[in-house]
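# Reading the structure
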Amino acid sequence: AQTIHQWPVAEIKAVGSPLSLGCTIKGKSSPNLYWYWQATGGTLQQLFYSITVGQVESVVQLNLSASRPKDDQFILSTEKLLLSHSGFYLCAWSLEGSQNTLYFGAGTRLSVL
Amino acid sequence: QQQVRQSPQSLTVWEGETAILNCSYEDSTFNYFPWYQQFPGEGPALLISIRSVSDKKEDGRFTIFFNKREKKLSLHITDSQPGDSATYFCAAGDNVLYFGSGTKLTVEP
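## Observations concerning the overall build of chain B
The secondary structure content of chain B amounts to zero helices and 11 strands. Secondary structure elements of chain B, listed N to C terminal, follow the sequence β-β-β-β-β-β-β-β-β-β-β. In terms of overall size, chain B behaves like a compact globule, its C-alpha atoms giving a radius of gyration of 13 Å where 109 residues would be expected to give roughly 13 Å. Along the longest, intermediate and shortest principal axes, the C-alpha atoms of chain B span 40 × 25 × 20 Å. The buried share of chain B, taken over its 109 residues, is 44%. Contacts in chain B between residues at least 24 apart in sequence constitute 53% of all its contacts with a sequence separation of at least 6. In the form shown here, chain B has an accessible surface area of approximately 5,400 Å², with 45% of it arising from carbon and sulfur atoms. Each charge class in chain B can be summarised by its mean position, and for the 10 positive and 13 negative side chains these summaries are 8 Å apart.

Structure below.
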């Protein structure tokens, strides 16, 4: 069975500080991977997607970056956090070759103060 | 332009009633329409989905009614239970999924 693990569960960070969020998929080779952002009470906004190692596409510009160093790992980061980065970050995967059904992780709650 | 719209923003029903959640979309080429259920503090989970070749999909107490001509669909939850209280997201697309803003459902016992 496939499992998706996100870390950390929650973060409280200062404006201007760096950030690194991680996501690991187990039990599935070559998945499509995604980062979504959700404001409190808001909709899901796709940030990045990756169909293979080392290849990441940006969907929206939010002063964030993403990398896929391994087939099963997806990293979201920034060198300087903004207040507007606060929210819920969700990693998701889908089957290779298909962006239809998304399977989400439990998310990371980020508060920027 | 918002690709997917949901209404109402919030809905309260009594236990045992049928909850009806509405969704509409812009792009007539969209062919896949999943509904996701999200509990507070958790990631969304796929609840039920339908493809544009069908006009109805049923899974237990959950039914999607789909109207391709009007680009509308709805999720019906029959015999609503307090455990169904969650936010429901409609999504639409083909290779890329667009999400609506969600409907927060509360089922009162």
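Next comes the rest of the account.
## What about the packing of aromatic side chains?
In total, this model carries 13 aromatic pairs over all chains according to the counting rule given. Their ring planes at 80° and their centres at 5.7 Å tell us that Tyr-36 of chain A and Phe-99 of chain B sit as a pair that is edge-to-face. Here Tyr-36 of chain A is found in strand β4 (residues 32-38), whereas its partner Phe-99 of chain B is found in strand β10 (residues 97-99) on a different chain. Under the relative-accessibility criterion, Tyr-36 of chain A is labelled buried at 1%.

## Some words on the interface of chain B and chain A
Counting residues at the interface gives 17 residues for chain B, matched by 15 residues for chain A. Summed over both partners, the interface of chain B with chain A comes to about 1,300 Å²; 50% of that surface belongs to carbon and sulfur atoms. Remark: the boundary between chain B and chain A carries zero salt bridges. The tally of links between chain B and chain A comes to four residue pairs in polar contact (both at pLDDT 80 or more). No other element matches the three residues that strand β4 (residues 32-38) of chain B contributes to the side of chain B that touches chain A. Counted by class, the side of chain B that touches chain A contains eight nonpolar, six polar and three charged residues.

## Overview of the sheet that holds strand β1 (residues 3-7) of chain A
Strand pairs in the sheet, formed through backbone hydrogen bonds, run parallel or antiparallel to each other. Residue and element names in this part refer to chain A. Here four strands make up an open sheet; going across it, the order is β1-β3-β8-β7 and the pairing antiparallel. Among the strands making up the open sheet, the edge pair consists of β1 and β7 (65-70). Direction aside, the axes of adjacent strands within the sheet are offset by 20° on average. Bridge count between strand β3 (residues 19-26) and strand β8 (residues 73-78): six bridges; the pairing is antiparallel. The partner of Leu-19 across the bridge, within β8, is Thr-78.

Cut-offs applied
- Residues numbered from 1 in each chain as written.
- Chains lettered and ligands numbered in written order.
- Predicted model: local features only at pLDDT ≥ 70, side-chain atom pairs only at ≥ 80, totals over all residues.
- Heavy atoms only, no water.
- Helix = DSSP H or I, 4+ residues; strand = E, 2+ residues; numbered from the N terminus.
- Rg over C-alpha atoms; globule rule 2.2 N^0.38 Å.
- Buried < 20%, exposed > 50% of the residue type's maximum accessible area, 1.4 Å probe, protein only.
- Contact = heavy atoms within 4.5 Å.
- Areas by Shrake-Rupley, 256 points an atom, 1.4 Å probe, with all protein chains shown as cover.
- Lys, Arg positive; Asp, Glu negative; His and termini not counted.
- Charge placed at Lys NZ, Arg CZ, Asp CG, Glu CD.
- Phe/Tyr/Trp six-rings, centres within 6.5 Å; stacked < 30°, edge-to-face > 60°.
- Buried area = accessible area lost by both parts, 1.4 Å probe.
- Salt bridge = Lys/Arg side-chain N within 4 Å of Asp/Glu carboxyl O.
- Polar contact = N/O pair within 3.5 Å; in protein donor to acceptor, adjacent residues only side chain to side chain.
- Nonpolar A, V, L, I, M, F, W, Y, C, P; charged D, E, K, R; others polar.
- Pairing = 2+ DSSP bridges.
- Axes fitted to C-alpha atoms, helices over the stretch in contact; angles between N-to-C directions.

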